[in-house]
Amino acid sequence: MFKLISGKAIAQKRQENLRLEVENLNANGVTPSLRVVLVGNSGPSEIYVRNKARRAKELGLDFNLIRFDETVSEKELIEFIDSLNHDKTVDAILVQLPLPQHINEEKVVQTVSPNKDVDGFSPINFGYLWQNNPNIIPSTAGGIMTLLEESDITTTAKHVVIVGRSNIVGRPLGALMLNSDATVTMAHSKTKDLKSITKQADILISAVGKAHFITADMVKKGATVIDVGMNRDENDRLVGDVDFDDVSSVAGAMTPVPGGVGPMTILTLMEQTIEIAKKRV
Ligand SMILES: Nc1nc2c(c(=O)[nH]1)N[C@@H](CN(C=O)c1ccc(C(=O)N[C@@H](CCC(=O)O)C(=O)O)cc1)CN2
């Protein structure tokens, strides 16, 4: 039987528990605080940041969006992030990606203090994750693990195929899956005969950024398919990487876009902000 995995519903359910955790922290004089740094005004980033702000406000977090013009220098941005690192009222810092071309993303990400790096992108937190000793983990990857857990889809001994090797999704998800006893294959743009690999997946995850990229002939019957893509199709509709109508005829379970991985990314970000703030109690 086919199962639609609703990230929206799972995030909603878990949010209630988070609200109680925030109340508990408030009773101890702590309000978790999150600072999001946004450079420029790209349409998608504006939407993602707005969604983050809405969730944070619903939970009663101390949320602040700090905007910089597209032309900000790398030096100015780094100095500002460093000031947040030293600000005792700030628990968590997130720099919305991507950044404009003239700014070295790696340098900026490395500036965020590992203790406040709510995205889990700093080399220290990445290292902990790959040593199977995770501290703060990247939100999309963490959100996917929660989605599977909440849907009673186990990973032990499963063949997980991840298409896409970005630092934001593919690589950290590879580590999390390995840490949870899956057999992991990482596929990417240079992979040969992708279809023969994706067809072996018990759990197939696509984080490629191309509409209609995964079709039914690439999926094993009954497989779980997780769609991380956020693309616009020819009619300017928001779609994932997976051709939903086609693939739902063979998959056992699937996430939709919108309403799948996206809301879980935001929920995980809130969960981790709260976890960091707990260290102040
Ligand atoms: N610093 C970071 N930058 C980026 C990350 C990240 O984890 N940290 N990930 C992506 C974008 N992303 C998070 O910021 C993100 C993507 C999608 C959604 C979301 O809510 N999607 C909705 C649909 C939204 C829409 O209408 O377009 C859904 O899927 O239902 C939230 C966050 C890149 N940058």
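Everything quoted here is computed from the prediction, not taken from an experiment.

### Structural notes on the overall build of the protein chain
Looking only at helices and strands, one finds 10 helices and 11 strands in the protein chain. Computed over C-alpha atoms, the radius of gyration of the protein chain comes to 19 Å, within 12% of the 19 Å expected from 2.2 N^0.38 for 281 residues, which places it in the range of a compact globule. Counting over 281 residues, the protein chain shows a buried share of 41%. Of the contacts formed within the protein chain by residues at least 6 apart in sequence, a portion of 67% connects residues at least 24 apart.

### Some thoughts on the site of the ligand
Around the ligand sit 20 residues in total, of which Tyr48, Asn51, Leu97, Pro258 and Gly262 are the nearest. The element that contributes the greatest number of residues to the shell around the ligand is helix α10 (residues 261-278), accounting for four residues. Here the shell around the ligand spans two domains, since at least three of its residues come from each of domain 1 (29-114) and domain 2 (139-262).

### Some details on the UniProt feature "domain: Tetrahydrofolate dehydrogenase/cyclohydrolase catalytic" (unreviewed entry) in the protein chain
UniProt's entry tags residues 5-119 with the feature "domain: Tetrahydrofolate dehydrogenase/cyclohydrolase catalytic" (unreviewed entry), counted in the numbering of this structure. Span residues 5-119 is 50% helix and 16% strand, its end C-alpha atoms 24 Å apart.

### Focus on the UniProt feature "domain: Tetrahydrofolate dehydrogenase/cyclohydrolase NAD(P)-binding" (unreviewed entry) in the protein chain
Within the UniProt annotation, "domain: Tetrahydrofolate dehydrogenase/cyclohydrolase NAD(P)-binding" (unreviewed entry) is assigned to residues 138-280. The distance separating the terminal C-alpha atoms of residues 138-280 is 22 Å; by composition the span is 34% helix and 17% strand.

### Structural notes on the domain arrangement of the protein chain
When the domains of the protein chain are assigned, the result is domain 1 (29-114) and domain 2 (139-262). On a C-alpha basis, the centroid separation for the pair domain 1 and domain 2 is 28 Å.

### Details of the environment of Lys57
Topologically, Lys57 is positioned in helix α2 (residues 43-59). Taking the number of C-beta atoms within 10 Å as the measure of exposure, Lys57 has 11 and is therefore exposed. In this structure the C-alpha to C-alpha distance between Lys57 and Lys278, which are 221 residues apart in sequence, comes to 18 Å.

### Some words on the sheet that holds strand β5 (residues 159-163)
Strand order in this open sheet of six strands is β1-β11-β8-β7-β5-β6, and the pairing throughout is parallel. The open sheet has two edge strands with one neighbour each: β1 (3-4) and β6 (183-187). Bridge analysis of strand β8 (residues 224-227) against strand β11 (residues 253-254) gives two bridges, and the strand direction is parallel. Among the inter-strand pairings, Thr224 is bridged to a residue of β11, identified as Ala253.

### Details of helix α5 (residues 123-130)
For α5, the full list of buried residues reads Asn125, Phe126 and Leu129. Buried positions in α5, seen along its axis, are confined to an arc of 105° and lie on one side of it. Away from its buried face, by an angle of more than 90 degrees, α5 presents the exposed residues Pro123 and Gly127. Tucked into the core, α5 has its buried residues touching α7 (170-179). Positive phi appears at Asn132, one or two residues downstream of α5, with a value of about 60°.

### Digging into the packing of helix α6 (residues 139-150) against α7
At their nearest, the axes of α6 and α7 sit 8 Å apart, and the two run at 40° to each other. Put simply, α6 runs oblique to α7. Helix-helix and strand crossings are classified by hand; for α6 and α7 the assignment is right-handed. Mapping the contact onto sequence places Ala141, Ile144 and Met145 in α6 and Pro172, Leu173 and Leu176 in α7. Here the residues of the contact of α6 with α7 are counted per class, giving six nonpolar, no polar and no charged.

### With respect to the environment of Ser166
Along the chain, Ser166 falls in the loop between β5 and α7. Contacts of Ser166, omitting those with residues within four sequence positions, involve Arg171 and Ala207.

### What about the pairing of β6?
A regular strand places its side chains so that they alternate between the two faces of the sheet. Pairing geometry for β5 and β6, over five bridges, is parallel. Along β6, the bridge assignment pairs Val163 with Ala187. Tracing the backbone out of β5, into α7 and back to the parallel element β6 gives a crossover that is right-handed.

### Considering the nonpolar core
Across soluble globular proteins, you tend to see nonpolar side chains buried next to one another. Ile144, Val160, Ile205 and Val225 are the most contacted members of the largest nonpolar core, which has 72 residues in total. When residues in this core are grouped by element, the largest group, nine residues, is from α10. Counting contributing residues per domain, this core is built from domain 1 (29-114) and domain 2 (139-262), each supplying no fewer than three. Each residue touching Val160, except ones within four places of it in the same chain, is listed here: Thr155, Met177, Ala182, Thr183, Val184, Ala201, Ile203 and Ile205.

Conventions adopted
Residues numbered from 1 in each chain as written. Predicted model: local features only at pLDDT ≥ 70, side-chain atom pairs only at ≥ 80, totals over all residues. Helix = DSSP H or I, 4+ residues; strand = E, 2+ residues; numbered from the N terminus. Rg over C-alpha atoms; globule rule 2.2 N^0.38 Å. Buried ≥ 20, exposed ≤ 12 C-beta atoms within 10 Å, placed from the backbone. Contact = placed C-beta atoms within 7 Å. Near = placed C-beta within 6 Å. Domains from an automatic or database assignment. UniProt positions renumbered as here; feature names shortened; annotations may be inferred. Pairing = 2+ DSSP bridges. Arc of directions from axis to C-beta. Axes fitted to C-alpha atoms, helices over the stretch in contact; angles between N-to-C directions. Parallel < 35°, antiparallel > 145°, perpendicular 65-115°, else oblique. Left-handed = near helix turned anticlockwise from the far one by under 90°. Nonpolar A, V, L, I, M, F, W, Y, C, P; charged D, E, K, R; others polar. Right-handed = clockwise from strand over helix to strand, strands pointing away. Core = buried A, V, L, I, M, F, W, Y, C linked by C-beta atoms within 7 Å.

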